[in-house]
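This is what each chain is made of:
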Amino acid sequence: MQLEEQKSYLVISNLTLYLGYLISYVFLLYFTFKLFRVDYFNPIVVNFVKVFNFLGLPSNLVTVFMMATAAKYATFYSLLDNKYEYIDLAIISILHTAASLTRMILYIIIGSVILSWIAPQNNRPIFLLLNEISNKCLNPIRRFIPSIGGLDISPIFAFILINQIEILLNSVLRSFL
C-alpha cells in the first residue's frame, strides 16, 4: 500500500513540475515578445496578445517576468516547501527564470540559424518570428564582428556569451541549493 502512495505522489509532483514550467515558459515567451518588441501583426503574436488580454493578465515587462517567476516559485514551493526559506525559494525562482530565459533565447537563435540554411526565404509566421528575435539578439554583435566572406559568425559569439551568462546564473543557483 505504501508503494502505491509513493507512486501517486511521484506522479502528482511530476505533473505539478511540468505544469508550473509550462506556465512559466508561456510567460517567458510573452516576455520575449515584449522585450524584443516583435512585429505585433504576426499571427502568433496577435493570438498570444489576445489570450493575455482576454485573461486579464498584465502586459508590463517587469510584471510578466515576475509572473513567470511566480509560476516557478509556486512549483518549487509545492515540491520543496520544508527544505528552504521563502526568500531562498524566491531567489532560486528568479535565478531559474533568468536561466530559462537565456536558454530560450539560445534555442531561438539555433532555430533561426538552422532555418536560414534549410528554408532561407520562407515567409511562415513562426519562421519570421524566430528570425526577427534572433536578428534583434545578434545585431549588437554584428556591429562589432562583421561577416567573414559572406559567412555570419555572430551566432557563434552569441552562443558563447549566452552560455557564459547561463554558467554564471547556474553557479549562483547552485550556491543556494
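From a predicted model like this one, the values you see are computed outputs, not experimental measurements. (Residues numbered from 1 in each chain as written. Predicted model: local features only at pLDDT ≥ 70, side-chain atom pairs only at ≥ 80, totals over all residues. Heavy atoms only, no water.)

**Q** I'd love a proper account of the overall build of the protein, names of residues and values included.
**A** Tallying secondary structure elements over the protein gives 6 helices and 0 strands in all. When the helices and strands of the protein are placed in sequence order, the string is α-α-α-α-α-α. When the backbone C-alpha atoms are referred to their principal axes, the protein occupies close to 65 × 40 × 35 Å. Every one of the 177 residues in the protein was classed for burial, and the buried ones make up 33%. Long-range pairs, those at least 24 residues apart, make up 70% of the contacts in the protein between residues at least 6 apart in sequence. In the form shown here, the protein has an accessible surface area of approximately 11300 Å², with 67% of it arising from carbon and sulfur atoms. The positive charge centre, built from 12 side chains, and the negative charge centre, built from 9, are 12 Å apart in the protein. (Helix = DSSP H or I, 4+ residues; strand = E, 2+ residues; numbered from the N terminus. Buried < 20%, exposed > 50% of the residue type's maximum accessible area, 1.4 Å probe, protein only. Contact = heavy atoms within 4.5 Å. Areas by Shrake-Rupley, 256 points an atom, 1.4 Å probe, with all protein chains shown as cover. Lys, Arg positive; Asp, Glu negative; His and termini not counted. Charge placed at Lys NZ, Arg CZ, Asp CG, Glu CD.)

**Q** Kindly report on helix H2 (residues 43–54), identifying the contributing residues and their values.
**A** Along an α-helix, residues three or four apart share an orientation, since each turn contains 3.6 residues. With 12 residues, H2 should cover 16 Å at 1.5 Å per step; its first-to-last C-alpha distance of 16 Å lies within 8% of that length. Among the residues of H2, those classed as buried are Val-45, Phe-48 and Phe-52. Down the axis of H2, the sector holding all buried residues measures 60 degrees, keeping them to one side. Across from the buried face of H2, at angles greater than 90 degrees, the exposed residues are Lys-50, Asn-53 and Phe-54. The N-cap of H2, judged by a side-chain oxygen 3.0 Å from the amide nitrogen of Ile-44 a few residues on, is Asn-42. Phi turns positive one or two residues past the end of H2, at Gly-56, with a value near 75 degrees. (Expected span 1.5 Å × (residues − 1). Arc of directions from axis to C-beta. Polar contact = N/O pair within 3.5 Å; in protein donor to acceptor, adjacent residues only side chain to side chain.)

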